[in-house]
Amino acid sequence: MHYLLFYELDRNYLLRRGEFRDAHLALAWEAHARGELLLAGALGDPVDGAVLLFSGPTPGVAERFAQADPYVSHGLVTRWWVREWRTVVGDGAVEPTRPHDWG
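Residues numbered from 1 in each chain as written. Predicted model: local features only at pLDDT ≥ 70, side-chain atom pairs only at ≥ 80, totals over all residues. Heavy atoms only, no water.

(A) Main features of the overall build of the protein chain. A count of helices and strands for the protein chain gives four helices and four strands. Along the chain direction, N to C, the helices and strands of the protein chain fall in the order β-α-α-β-β-α-α-β. Taken along the three principal axes of its C-alpha coordinates, the protein chain extends 55 × 30 × 20 Å. Long-range contacts, defined as pairs at least 24 residues apart, comprise 70% of the intrachain contacts of the protein chain with a sequence gap of at least 6. Working note: accessible area of the protein chain is about 6,900 Å², and carbon and sulfur atoms make up 53% of it. (Helix = DSSP H or I, 4+ residues; strand = E, 2+ residues; numbered from the N terminus. Contact = heavy atoms within 4.5 Å. Areas by Shrake-Rupley, 256 points an atom, 1.4 Å probe, with all protein chains shown as cover.)

Okay, here's the thing in structure tokens:
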């Protein structure tokens, strides 16, 4: 199943992230190497949020990431939440669904 981890970012995120960025990126690349984190990045203009796409059997994979993320523990992320994403189109879709008349 796919899960989206949403971050709301502190208004001073861009000023503060440098101190914690390497640790955050190391955590992210480790999760990617395990096949848990598929894609991640900040939203642009304004940079007030981020979205991380996880794959796993439960939302726990995304929740554990957020709980371990230095951006969260140091207040750069002011709020986070996880939503199940029922993917139906694309090579990596969990529930590939085509129209009935698809040839």
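That shown, we press on.
(B) Structural context of the sheet that holds strand β3 (residues 49-55). Taken together, four strands build an open sheet; the order of strands is β2-β3-β1-β4 and the sheet is antiparallel. In the strand order of this sheet, the two ends are held by β2 (37-42) and β4 (77-85), each with one partner. Strand-to-strand twist of the sheet, defined as the mean angle between neighbouring strand axes without regard to direction, takes the value 15°. In this sheet, β3 lies alongside β2 in antiparallel orientation, the contact comprising five bridges. Residue pairing across strands places leucine 39 opposite leucine 53, the latter belonging to β3. (Pairing = 2+ DSSP bridges. Axes fitted to C-alpha atoms, helices over the stretch in contact; angles between N-to-C directions.)

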